[in-house]
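One-letter residues, chain by chain:
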Amino acid sequence: MILSPETLSAALEDAPLEEASYRFRRTSLFWPTPLSTWLRWELPGPLGYLATPQGEERLGLGAVRWARRLEDLTPAPGFWLGGLSFDPLRRWEGWPEEFWFLPKLSLRYREGILEAIMLDEPELPEPSGLLLTHIRPTSREEFLAQLHTALQELGRGTLRKVVLARAQPERVGSSLEETLERLKRNPEARVFAFRLGAEWFVGASPEELLRLHKDEVHVDALAGSAPPGAPLLTSKNLLEHRWVVRYLEERLRPQLEGLTFPSTPGIRRLPGLLHLHTPFRGVLPPDGSLAKLVRSLHPTPAVAGLPQEEALAFLRAHEGWPRGLYAGALGSIAEGEALLVVALRSALIQGQRATLFAGCGIVEGSGEEEWDESELKLQAMREALR
């Protein structure tokens, strides 16, 4: 038996009306099917979905409040959903540069238990003026020309690292539910799906920008990669990873108490790729700001480059298409809790068409093999969409 909106609506109608910052009803019930099954129904309004490696799923449907900035989020039952573009100057036509919505219906699911909160508030329309997004694909010749230009800038010392990304069109042969179930087979993936208007942005990211539980903060440094069987601990990968670790330490140490991280990186294993990984842990003090912490980190050198402003300027001048939410930060935020993933291994879906995204860190010594690495990063999403 599959949980349907009608089944849950009946259960919520029987729940008592509560009041805190909002009037709401909540219920908790056993159900054996995951939240990704909800995506088979034609549900109106904005929608956000997250699945974590720990086995928890979250889904939010409809919007009773919209916020344009992370700083504007207020305490509420359930959770806020949304995210930030990679670069506010390169947003997609179909999506705001930053958006957050408080769902009419917030669902959490883990180990057969569904927790639901329905706000007793009228739904609000989606942001106006959203258009279908048009992204020009990146040819191999264009990518290698950008790589050559980047290497020239690296040689001059203007940049130490820049992350070049490419866009690849594909046909969609599976339902969204099937696509997400395939992506969830990767035990290290943070699977996400967000819808505004007629477009879906979906992915299976290996990287968390930030996770907060009570006052404990977790941050990932993920940079330097190689396919299984190829050398991972190369001087290029270690240098690239060291820069990301140094960047995160410089930004986290002034804002967190008791910051810790290992002196040598571990390995995060993904289908077709291995990544160098260093986890950071620290405590957000009582006067700390989650919004300030997020903005100080994003975008990290793992998705942009170093120095940050020079890398962003290079990408604006040479990449040739708007990244939008690709390599941005997406997730959910509640009181004393947050999960923001870096929106990698992702695709923008428009009906039966999709645009897939992948990027590679370019440092001195990089070459044409970066195109091959981007192909490996596209493969999981290609297979999930078929």
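Residues numbered from 1 in each chain as written. Predicted model: local features only at pLDDT ≥ 70, side-chain atom pairs only at ≥ 80, totals over all residues. Heavy atoms only, no water.

(A) Structural context of the packing of aromatic side chains. Taken as a whole, this structure holds 13 aromatic pairs when the rule is applied. Seen in terms of ring centroids, Trp92 and Phe201 are 5.2 Å apart; in terms of plane orientation they differ by 75°. Their pairing is edge-to-face. Placement of the pair is Trp92 in the loop between β6 (80-84) and β7 (98-102) and Phe201 in strand β12 (residues 199-205), with a sequence separation of 109 residues. Accessibility expressed as a relative area gives 0% for Phe201, which makes it buried. With 5.8 Å between their ring centres and 25° between their planes, Trp92 and Phe357 make a pair best called stacked. Placement of the pair is Trp92 in the loop between β6 and β7 and Phe357 in strand β22 (residues 353-362), with a sequence separation of 265 residues. An identical accessibility class is assigned to Trp92 and Phe357; each is buried. Ring pairing ties together the aromatic residues Trp92, Trp95, Phe99, Phe192, Phe194, Phe201, Trp321, Tyr326 and Phe357, which thus form one cluster. Across the ring face of Trp371, the terminal group of Arg166 is positioned such that the distance to the ring centre comes to 3.6 Å. Over the aromatic face of Phe86 sits the side chain of Arg323, whose NZ or CZ is 4.2 Å from the ring centroid. (Phe/Tyr/Trp six-rings, centres within 6.5 Å; stacked < 30°, edge-to-face > 60°. Helix = DSSP H or I, 4+ residues; strand = E, 2+ residues; numbered from the N terminus. Buried < 20%, exposed > 50% of the residue type's maximum accessible area, 1.4 Å probe, protein only. Lys NZ or Arg CZ within 6 Å of the ring centre and 35° of its normal.)

(B) Spotlight on the confidence of the model for the protein chain. Summarising the model, the protein chain shows a mean pLDDT of 93, and 98% of its residues fall at 70 or more. Taken element by element, the protein chain is modelled with least confidence in helix α1 (residues 5-13), mean pLDDT 81, and with most confidence in strand β15 (residues 257-260), mean pLDDT 98. (pLDDT = per-residue confidence, 0-100.)

(C) Region of interest: the pattern of salt bridges. All told, the structure shown has 33 salt bridges when counted by the stated rule. As a salt-bridge pair, Arg58 and Glu56 come within 2.7 Å of each other at their nearest N and O atoms. Comparing Arg58 with Glu56, the two get one shared label, buried. Among the ionic pairs, Arg90 bridges to Glu319, the shortest N-O distance being 2.7 Å. Here Arg90, found in the loop between β6 and β7, pairs with Glu319, found in the loop between α6 (308-318) and β19 (329-334); they are 229 residues apart in sequence, far enough to count as distant. Accessibility assignment for this pair places Arg90 and Glu319 in one class, buried. (Salt bridge = Lys/Arg side-chain N within 4 Å of Asp/Glu carboxyl O.)

(D) Up close: the layout of surface pockets. Computed from the structure, the second largest pocket encloses a volume of approximately 480 Å³. Lining of the second largest pocket is provided by 35 residues; of these, Ser225, Cys360, Gly361, Glu373 and Lys377 occupy positions nearest its centre. Only β10 (161-171), β14 (216-226), α4 (235-252), β17 (273-283), β22 and α7 (369-385) provide two or more residues apiece to the lining of the second largest pocket. In the lining of the second largest pocket, the residues fall into 17 nonpolar, seven polar and eleven charged. (1 Å grid on protein atoms, 1.4 Å probe; cavity = no way out; pocket = protein on both sides within 12 Å on 5 of 7 lines; lining within 4 Å. Points joined across faces, edges and corners; volume = space filled by probe spheres on them. Nonpolar A, V, L, I, M, F, W, Y, C, P; charged D, E, K, R; others polar.)

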